[in-house]
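Commentary on secondary and tertiary structure
One-letter residues, chain by chain:
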Amino acid sequence: MDVDKLLAAISPEIYQNMLTAVETGRWPDGKQLSDEQRDHTQQMVILYQSKHNHQPQHFTVGTDGELVMKSKQELKRQYKEEQTIISVPQNDS
């Protein structure tokens, strides 16, 4: 099997479904993954990330093939940077 062709056929939506399935242990329709399905799906998620994950998050695989692990301090700083405060004007009527 040609891995590059297989990876090229995976859309971002399919990747997201596979990632969610690995994280939750269930397919989008609610059916539980078998051990074999989980193993294969997890391998595909890692391969996909190694090709397409240009801004890797904590515990994901970057395009260099390395697992990204961030310190607690880095995660806190990133979270603060991503937080946005939305101010909703109050109507005094």
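See the structure shown above.
The structure contained in this document is the topic of the report that follows. (Residues numbered from 1 in each chain as written. Predicted model: local features only at pLDDT ≥ 70, side-chain atom pairs only at ≥ 80, totals over all residues. Heavy atoms only, no water.)

**Description of the pattern of salt bridges**
Going by this rule: A pairing counts as a salt bridge when a side-chain nitrogen of Lys or Arg comes within 4 Å of a carboxyl oxygen of Asp or Glu. Every helix listed is a DSSP run of H or I at least four residues long, and every strand listed is a run of E at least two residues long, numbered separately from the N terminus. Here's how the labels work: a residue is buried when its accessible area is under 20% of the maximum for its type, exposed when over 50%, partly exposed in between, all with a 1.4 Å probe on protein chains only.
Counted under the stated rule, the structure contains 2 salt bridges. Taking the shortest distance from any N to any O, the salt bridge between Asp35 and Arg38 comes out at 3.2 Å. Here the residue Asp35 and the residue Arg38 both occupy positions in helix α3 (residues 35-52), the gap between them amounting to 3 residues, near one helical turn. Its relative accessible area of 53% is what places Asp35 among the exposed residues. Between Arg38 and Asp39 there is a salt bridge, and its shortest N-O distance comes to 3.5 Å. Taking the relative accessible area as the measure of exposure, Arg38 reaches 34% and is therefore partly exposed. Put simply, Asp35, Arg38 and Asp39 are held in one network by salt bridges that share partners.

**Points about helix α2 (residues 12-24)**
This is how it is decided: Take the residue count of a helix, subtract one, and multiply by 1.5 Å to get its expected span. By construction, the arc corresponds to the directions joining the helix axis to the C-beta atoms.
The end-to-end C-alpha separation of α2 is 18 Å, in line with the 18 Å expected for 13 residues at 1.5 Å each. Among the residues making up α2, those that are buried are Tyr15, Met18, Leu19 and Ala21. The arc that holds every buried residue of α2, seen down its axis, measures 160 degrees, which confines them to one face. Away from its buried face, by an angle of more than 90 degrees, α2 presents the exposed residues Pro12, Glu13, Glu23 and Thr24.

**Some remarks on the side chain of Thr41**
The condition that has to hold: The contact criterion used is simple: two residues touch if any of their non-hydrogen atoms lie within 4.5 Å.
Relative to the elements of secondary structure, Thr41 occurs in helix α3. Take Thr41: its relative accessible area is 8%, and that puts it in the buried class. If we ignore the near neighbours within four places in the chain, the residues touching Thr41 are Met18, Val22, Trp27 and Leu33.

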